[in-house]
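Observations on the model geometry
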Amino acid sequence: MQQIARSVALAFNNLPRPHRVMLGSLTVVTLAVAVWRPFVYHPGETSPIVKTIEIDKNQLRTLLPEASEPLDQTASDDELPQDEIDQDVTAETGTHDYVVSSGDTLSNVLNQYGIDMGEISQLVKIDNDLRNLQLGQQLSWTLTDEGQLQRLTWEMSRRETRTYDRIDNGFKMSSELQKGEWKNSVLTGEVNDSFVSSAQRAGLTSAEISNVIKALQWQMDFRKLRAGDKFSVLMSREELDGKNEQSQLLGVRLRSGGKDYYAIRAEDGKFYDRTGSGLARGFMRFPTVKQYRVSSNFNPRRLNPVTGRIAPHKGVDFAVPIGTPVLAVGDGEVVQAKRSAGAGNYVAIRHGRQYMTRYMHMEKLLVKPGDKVKRGDRIGLSGSTGRSTGPHLHYEIWINNQAVNPLTAKLPRTEGLTGKDRAEFLAQVREVLPQLKLN
Ligand SMILES: [Zn+2]
């Protein structure tokens, strides 16, 4: 039966489009007839019951072939492109971290990663405090292969960290109180081979190096540093029995090509330049001028009804007519622009270090690998190339190597600090800057 269903699906996808639409409509009519039973006679009842079942437009739509990828597609997915820095800083893949901003709740933070509301309410059930996330706290988590939450860590303060681990039927919580002493230390160095190995020589751990790279990601391409470039890093580290337990990056200065770049941590856990301006560049929510109907949603746990296997849909499909300009959602560098069997003509853009966006099934590509793009630049014209059942644009956002829901993902924001926050930050800058000396 599975085999038959699959060959029907395949045959269907191979039909020219007008036939498909017609066949689709015929199928709908047949189904409608099968479902719609105008006259149902129940023997033994006094009068016949007339039932009309209306199929509304949305239901019809789910029966029609959508402009999307066929479900039998296992991998949309040429591998996510990597570069030297990814290879050097591997520890982070699979771990997601997030700094709580104003207005955040546990559910809107986790839900964008496709984590089920059911799991989120299980967490809140065992620890009601999770309802009150505070600005600047850090959340980090890992997922199972099926996209369920494996472990959540909540750094409530420098003193307390709570961890929630998946068990058979829910989660178990453990809490850790830090007893060490926090001390500031300045680490300085000079780049000679790669930044990562130079930073290791200066005494930074891999986690600390990764945080430095993230803090400066919008200003600096760490692959382009030159021998002789210098850096100075202010870390706050917790020491217990002479060992470093955990640490927090307070500020970094990097001198490259005679110019100084700074990123300094504010109370909200984010990094700003010396004047309190935001460092991240904003993203557009949609990769097109106009917003199009979603024909298939992001779904990391989508089940293939035929095979019964999980066939994650790692992006969102927009029903976009062929030839529509596709736009880069943020500033970045094109890391892939090519044709593949599944994704058709597609483009991958890296934004900073943590963000990657991908655009698939295009008719024509307008960029090539290595091109620098600005937010809103045309990167291609949409189409229906590769494994596709009709004209559409498949669009993905990856954060720290994890696909997230493009419609709800928390995107980098450009805003800087204002008012009292800015005044406090500037006071802090006056303390931090003199410590960031270069040797
Ligand atoms: Zn898709």
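As recorded in an unreviewed UniProt entry, the protein goes by the name Murein DD-endopeptidase MepM, listed as coming from Mixta theicola. Word for word, the UniProt comment on the protein under Subcellular location (unreviewed entry) is "Cell membrane". Within the UniProt record for the protein, the comment given under Cofactor (unreviewed entry) is "Zn(2+)".

Turning next to the overall build of the protein. For the protein, the helix and strand inventory stands at 9 helices and 22 strands. Across the 439 residues that make up the protein, the buried fraction comes to 45%. For the protein, long-range pairs separated by at least 24 residues make up 64% of all intrachain contacts whose partners lie at least 6 apart in sequence. Of the roughly 22500 Å² of accessible surface on the protein, 51% is carried by carbon and sulfur atoms.

Moving on, we come to the pairing of strand β16 (residues 332-340). Two elements, β16 and strand β19 (residues 372-373), share 2 bridges in a ladder whose sense is antiparallel. Note on β19: the bridge partner recorded for E333 is K372. The pairing of β16 with strand β17 (residues 344-351) spans 7 bridges and is antiparallel. Paired with A337 across the strands is V347, a residue of β17. Joining the antiparallel neighbours β16 and β17 is a turn of 3 residues.

Here helix α9 (residues 419-432) contains 14 residues, and its C-alpha end-to-end distance of 20 Å stays within 8% of the 20 Å for a straight helix at 1.5 Å per residue. Taken together, the buried positions of α9 are F425, V429 and V432. The buried residues of α9 all sit within an arc of 65° when viewed along its axis, so they share a single face. Of the exposed residues in α9, the ones pointing more than 90 degrees away from its buried face are G419, K420, R430 and E431. Buried residues along α9 sit in contact with β9 (230-240), β10 (243-256), β11 (259-265) and β12 (271-272).

Attention shifts here to the packing of aromatic side chains. Applying the stated criterion across every chain yields a total of 9 aromatic pairs. Ring geometry for F286 and F318: centres 5.8 Å apart, planes at 75°, overall edge-to-face. With a gap of 32 residues between them, F286 in the loop between β12 and β13 (294-296) and F318 in strand β14 (residues 316-318) connect regions that are remote in the sequence. Each residue in the set F195, F222 and F231 is aromatic and connected to the rest through ring pairs, giving one cluster.

Secondary-structure assignment places D241 in the loop between β9 and β10. Residue classification places D241 among the exposed positions, given a relative accessible area of 75%. In the structure, D241 is positioned 61 residues away from G180 in sequence and 7.8 Å away in space, judged by C-alpha atoms.

Right, let's get into the environment of R151. Counting through the fold element by element, R151 comes out in strand β5 (residues 149-155). R151 gets classed as partly exposed once you look at its relative accessible area, which sits at 39%. In this structure, R151 is in contact with S140, W141, T142, T163, Y164 and D165, ignoring residues within four places of it in sequence. There is a polar contact of 2.8 Å between the side chain of R151 and the side chain of D165.

The share of residues in the protein with pLDDT of 70 or more is 82%, and the mean pLDDT across the chain is 83. Under a pLDDT of 50 for its full length, residues 7-64 has, in the predicted model, 40 contacts with residues more than four places off or in other chains.

With that out of the way, let us pick up the coordination of the zinc ion. Distances from the zinc ion to its protein donors, E69 (OE), E69 (OE), H313 (NE2), D317 (OD), D317 (OD) and H394 (ND1), fall within 1.9 to 2.7 Å. Of note, the zinc ion draws all its donor residues from one chain, in the sequence arrangement E-x243-H-x3-D-x76-H. On the criterion of sequence distance, the pair formed by D317 in strand β14 and H394 in strand β21 (residues 393-399) is long-range, its members being 77 residues apart. Each member of the pair, D317 as well as H394, carries the same accessibility label: buried.

What counts and how
Residues numbered from 1 in each chain as written. Predicted model: local features only at pLDDT ≥ 70, side-chain atom pairs only at ≥ 80, totals over all residues. Heavy atoms only, no water. UniProt positions renumbered as here; feature names shortened; annotations may be inferred. Helix = DSSP H or I, 4+ residues; strand = E, 2+ residues; numbered from the N terminus. Buried < 20%, exposed > 50% of the residue type's maximum accessible area, 1.4 Å probe, protein only. Contact = heavy atoms within 4.5 Å. Areas by Shrake-Rupley, 256 points an atom, 1.4 Å probe, with all protein chains shown as cover. Pairing = 2+ DSSP bridges. Expected span 1.5 Å × (residues − 1). Arc of directions from axis to C-beta. Phe/Tyr/Trp six-rings, centres within 6.5 Å; stacked < 30°, edge-to-face > 60°. Polar contact = N/O pair within 3.5 Å; in protein donor to acceptor, adjacent residues only side chain to side chain. pLDDT = per-residue confidence, 0-100. Donors = N, O, S within 2.8 Å, 3.2 Å for Na, K, Ca; no water.

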